[in-house]
Amino acid sequence: MFHAKIKSETLKGVVDVVSTLVDEAKFNIDADGMELKAVDPAHVAMVDLKVQRSAFEEFSADETELGIDLDKIKEVLRLSRAGDIIEMEQDEAKNRLVLNVGNITRRMNLVDTAGMSDPKVPNLNLPAKITVTSDELQKGIRAAESVSDHIALNASPEGFEMYSEGDTDSVSLKLPKDLLISLDVSEKVKSLFPLDYFSNMVRSIPAGSVVTINLGSDFPVKLEFDIADKQGSVDYLLAPRIESD
Amino acid sequence: MFHAKIKSETLKGVVDVVSTLVDEAKFNIDADGMELKAVDPAHVAMVDLKVQRSAFEEFSADETELGIDLDKIKEVLRLSRAGDIIEMEQDEAKNRLVLNVGNITRRMNLVDTAGMSDPKVPNLNLPAKITVTSDELQKGIRAAESVSDHIALNASPEGFEMYSEGDTDSVSLKLPKDLLISLDVSEKVKSLFPLDYFSNMVRSIPAGSVVTINLGSDFPVKLEFDIADKQGSVDYLLAPRIESD
Amino acid sequence: MFHAKIKSETLKGVVDVVSTLVDEAKFNIDADGMELKAVDPAHVAMVDLKVQRSAFEEFSADETELGIDLDKIKEVLRLSRAGDIIEMEQDEAKNRLVLNVGNITRRMNLVDTAGMSDPKVPNLNLPAKITVTSDELQKGIRAAESVSDHIALNASPEGFEMYSEGDTDSVSLKLPKDLLISLDVSEKVKSLFPLDYFSNMVRSIPAGSVVTINLGSDFPVKLEFDIADKQGSVDYLLAPRIESD
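### Quick word on the overall build of chain A
1) Next: Looking only at helices and strands, chain A has four helices and 18 strands in total.
2) Next: Over its C-alpha atoms chain A spans a radius of gyration of 19 Å, differing by no more than 12% from the 18 Å that the globule rule assigns to 245 residues.
3) Next: Seen along its three principal axes, the alpha-carbon backbone of chain A occupies a region of about 60 × 35 × 30 Å.
4) Next: Buried positions account for 40% of the 245 residues belonging to chain A.
5) Next: Long-range pairs, those at least 24 residues apart, make up 67% of the contacts in chain A with a sequence separation of at least 6.

Here it is as structure tokens:
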């Protein structure tokens, strides 16, 4: 059983974060809220999302799983305006999700979750921790895009750098310690990532967010940030590209 | 003979309503104003438009016909700003229409009207009458678009519904009596329409208009609304799609 | 040696004017500022640009040549906002140009200037001189675009006209003497130009500029205007299309 009401902008934040990596996803729901873990089809990136019941205007649920085609939720979101409340109700008899916004009712078939396993989130021990605004990350990505399809994240006790190098050109965004929200780095670390994944992930982070970057050398990066007015949290993991030389 | 001045936004309203169905059209003009009847190339929809001379800033005409390529009028409209006055003059010697807006003069060949007959508007006796804002219709269309390429219009003494059903999903916009401007329905009626036609027609209605929907069961729908600051009126007719089952 | 700081909007103005005709260009720099002459690949149009050192926030240079891929400068400009200062420094050892904007550093290889000759600007004696705002030129171009791919520029002691004629239609923007900033024409002149070139040139002129048009009959047109807050100037030359009939 699942019946809830949620602000359209809160639901949009949840959907944006997940749909960056997958088209369909399994939401695990219980009396405390909802949770989701998903890996992108190429197995390069992972999202681990938690939304507490307090993120909803109304929420009542038993333990259940909802397999959702995220594009359909986006269609309903496009029919709503900021401030609108979206009502969601599971129709267990017909295996449907029913969404109401204003005078509009959208009934959608749920996706079979049989083939959707819950990926195991690896336990990483990443030595460097950098806290920064998502806007600075966006800036670094935009700079990198004209030069390469990879981006290196470098951290040292002095600061954080996003660096890209192409055949003829290079570009760098340097954030010294005083331009960061916090920096906890004892020695230099550096990992290289595919720019398209990193860019899509960062773009789905709500503007003005604070992001904690957990970084190692040739290790996955973990991005942590809050959604749903701090009533939800997201961990993104992205596998590094190991430079062969 | 035809010589008139008209506000660019008024002319734009007229052109939008007609160009939804046809690229070229024959305007029948006399001393009282202009009139146009046109059927789309697939013979699915019809427009019946009247614009009184009072819709114009200046108007003088004998009985005449103007075959107009509507794209050319749109090109001139794009050169004008809201509030601009467009001067139109028939050049009978050269079979041209001359448009002036500000310092710009556009001379365009008229289209041969020999092959353009005046379609006969069928006399329909539609039992249900619903009056609603065009904005509500727009909302229902946007909801329907993600689900199907047809839309059912349903009316009952309780209210009006726009309903679409696809393979897996359905969507409905319900407007109970108190959300309608008026409702004159004695028994349930329902007709199904091609969504692209219905959508294009409704999109060409000026925002904020009041639309009267005349509806039957498996019958054409007639949409009535005013243009040109109530100095003109439009009837749209759209053939139903008969469900075979 | 070249080291300078410039407002991003000033640099954008310079790049827009040049990149309309060429992708790569050779900037000739000395202690007084920079200069550039370039011809488009089809040898139809020419730009002759001068930017004084006073257009820069800081400027120090010996005589040098910089071969620049203009798209790369545009990429850096897209990372900046109005009011940002862009620092440019030649790295002679590596034959690079280094650009800094905020915390971003972009290093780009310079283009080999060996094959880039300085075109000779022809000494034209054009009898008619019309001074007009770039906005009026824009309006005339937009009007012409729907009718033809050529535009005639006509001047007489009474005024200036931009005229286009297609197979069925014609369009004209007439600017009588009192709508021009100045008019110095003793006899009628008329030249025809390719609309795409003329349009691209006029579009690269900063909005609100004053443009002096030097015109003859079947002769190139010369457009003169200022950039960089009057600390720079541009001459555009465009070859006429000779009507054969």
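That was the structure; now back to the text.
### Details of the sheet that holds strand β15 (residues 189-194) of chain B
Each strand in a sheet pairs with another by means of backbone hydrogen bonds, the pair being arranged parallel or else antiparallel.
1) Next: Spatial strand order, β5(A)-β1(A)-β7(A)-β8(A)-β9(A)-β13(B)-β12(B)-β11(B)-β15(B): nine strands in an open sheet with antiparallel pairing. The sheet is open, and its two edges are formed by β5 (58-61) of chain A together with β15 of chain B, each paired on a single side. Sheet twist, expressed as the average angle between the axes of neighbouring strands with direction ignored, equals 20°.
2) Next: Relative to strand β9 (residues 104-109) of chain A, strand β8 (residues 96-101) of chain A is paired through six bridges, and the arrangement is antiparallel. Of the residues in β9(A), the one forming a bridge with Asn100(A) is Thr105(A).
3) Next: Contacts from helix α1 (residues 8-19) of chain A reach β1 (2-7), β7 (85-91) and β8 of chain A, with the element oriented near 105° to β1(A).
4) Next: Across the sheet, helix α3 (residues 134-145) of chain B is in contact with β9 of chain A together with β11 (150-156), β12 (159-165) and β13 (170-176) of chain B; its angle to β13(B) comes to roughly 165°.

### Describing the relation of the copies chain C and chain B
Superposition of the two copies of the chain requires a rotation about an axis together with a shift along that axis.
1) Next: Screw-axis analysis of chain C against chain B gives a translation of 0.1 Å along the axis, an RMSD of 0.0 Å, and a rotation angle of 120°. Each copy turns onto its partner about a three-fold axis. Closest approach to the rotation axis within chain C is made by the C-alpha atom of Arg78(C), at a distance of 17 Å.

### Digging into the packing of helix α3 (residues 134-145) of chain C against helix α4 (residues 195-203) of chain C
Describing two packed helices takes the angle between their axes plus the distance from one axis to the other.
Residue and element names in this part refer to chain C.
1) Next: The contact between α3 and α4 brings their axes to 10 Å, and the two run at 150°. With respect to α4, the axis of α3 lies roughly antiparallel. Judged by the twist between their axes, the crossing of α3 over α4 is left-handed. Residue-level contacts link Ser134, Leu137, Gln138, Ile141, Ala144 and Glu145 of α3 to Leu195, Phe198, Ser199 and Val202 of α4.
2) Next: Residues that form the contact of α3 with α4 fall into these classes: six nonpolar, three polar and one charged.

### Section: the interface of chain C and chain B
1) Next: Between chain C and chain B, the contact holds 11 residues from the first and 10 residues from the second.
2) Next: Those elements giving two or more residues to the side of chain C that touches chain B turn out to be α3 and β13 (170-176) of chain C.
3) Next: At six residues, the largest contribution of residues to the side of chain C that touches chain B is made by β13(C).
4) Next: Considered class by class, the residues forming the side of chain C that touches chain B number four nonpolar, four polar and three charged.
5) Next: Relative to β13(C), strand β9 (residues 104-109) of chain B runs antiparallel, the two being bridged by four bridges. Note on β13(C): the bridge partner recorded for Arg106(B) is Val171(C).

### Observations concerning the interface of chain C and chain A
1) Next: Tallying the contact residues gives 10 residues for chain C and 11 residues for chain A.
2) Next: For the side of chain C that touches chain A, the secondary-structure elements that each account for two or more residues are α2 (70-78) and β9 (104-109) of chain C.
3) Next: When residues of the side of chain C that touches chain A are assigned to their parent elements, the largest contribution, six residues, is made by β9(C).

### Things to note about the pairing of β13(B)
1) Next: Across seven bridges, the pairing between β12(B) and β13(B) is antiparallel. In the sheet register, Phe160(B) faces β13(B), and the bridge partner there is Leu175(B).

### Quick word on the domain arrangement of chain A
Residues and elements named next belong to chain A.
1) Next: We note that the domain assignment places domain 1 (2-109) and domain 2 (128-238) within chain A.
2) Next: Placing a centre on the C-alpha atoms of domain 1 and another on those of domain 2 gives a separation of 28 Å.
3) Next: Sorting the residues of the side of domain 1 that touches domain 2 by element identifies α1 and β4 (45-52) as the ones contributing at least two each.
4) Next: Element by element, the count of residues in the side of domain 1 that touches domain 2 is highest for β4, at eight residues.
5) Next: By residue class, the composition of the side of domain 1 that touches domain 2 is nine nonpolar, five polar and three charged.

### Quick look at the environment of Phe2(A)
All names here are of chain A.
1) Next: Summarising the element assignment, phenylalanine 2 is placed in strand β1.
2) Next: The exposure class of phenylalanine 2 is buried, given the 21 C-beta atoms found within 10 Å.
3) Next: Sequence separation of phenylalanine 2 and glutamate 92 is 90 residues, and the distance between their C-alpha atoms is 9.1 Å.
4) Next: When neighbours within four sequence positions are excluded, phenylalanine 2 is seen to be in contact with Ile29, Ala61, Thr64, Leu66 and Gln90.

### Some points on the sheet that holds strand β16 (residues 210-215) of chain A
All names here are of chain A.
1) Next: Strand order in this open sheet of nine strands is β6-β2-β3-β4-β18-β17-β16-β10-β14, and the pairing throughout is antiparallel. For this open sheet the edge positions go to β6 (64-69) and β14 (182-184), each flanked by a neighbour on one side alone. Averaged over all neighbouring strand pairs, the angle between strand axes comes to 15°, with direction disregarded.
2) Next: Both strand β10 (residues 128-133) and β14 contribute to a ladder of three bridges, which runs antiparallel. Each residue of the ladder has a partner; that of isoleucine 130, found in β14, is leucine 183.
3) Next: Together, β2 (24-30), β3 (33-39), β4, β17 (221-227) and β18 (232-238) form the strand contacts of α1, whose direction differs from that of β4 by roughly 160°.
4) Next: Against the sheet, helix α4 (residues 195-203) contacts β4, β17 and β18, and its axis sits at roughly 175° relative to β18.

Cut-off values and rules
Residues numbered from 1 in each chain as written. Chains lettered and ligands numbered in written order. Predicted model: local features only at pLDDT ≥ 70, side-chain atom pairs only at ≥ 80, totals over all residues. Helix = DSSP H or I, 4+ residues; strand = E, 2+ residues; numbered from the N terminus. Rg over C-alpha atoms; globule rule 2.2 N^0.38 Å. Buried ≥ 20, exposed ≤ 12 C-beta atoms within 10 Å, placed from the backbone. Contact = placed C-beta atoms within 7 Å. Pairing = 2+ DSSP bridges. Axes fitted to C-alpha atoms, helices over the stretch in contact; angles between N-to-C directions. Least-squares fit on C-alpha atoms with pLDDT ≥ 70 in both. Parallel < 35°, antiparallel > 145°, perpendicular 65-115°, else oblique. Left-handed = near helix turned anticlockwise from the far one by under 90°. Nonpolar A, V, L, I, M, F, W, Y, C, P; charged D, E, K, R; others polar. Domains from an automatic or database assignment.

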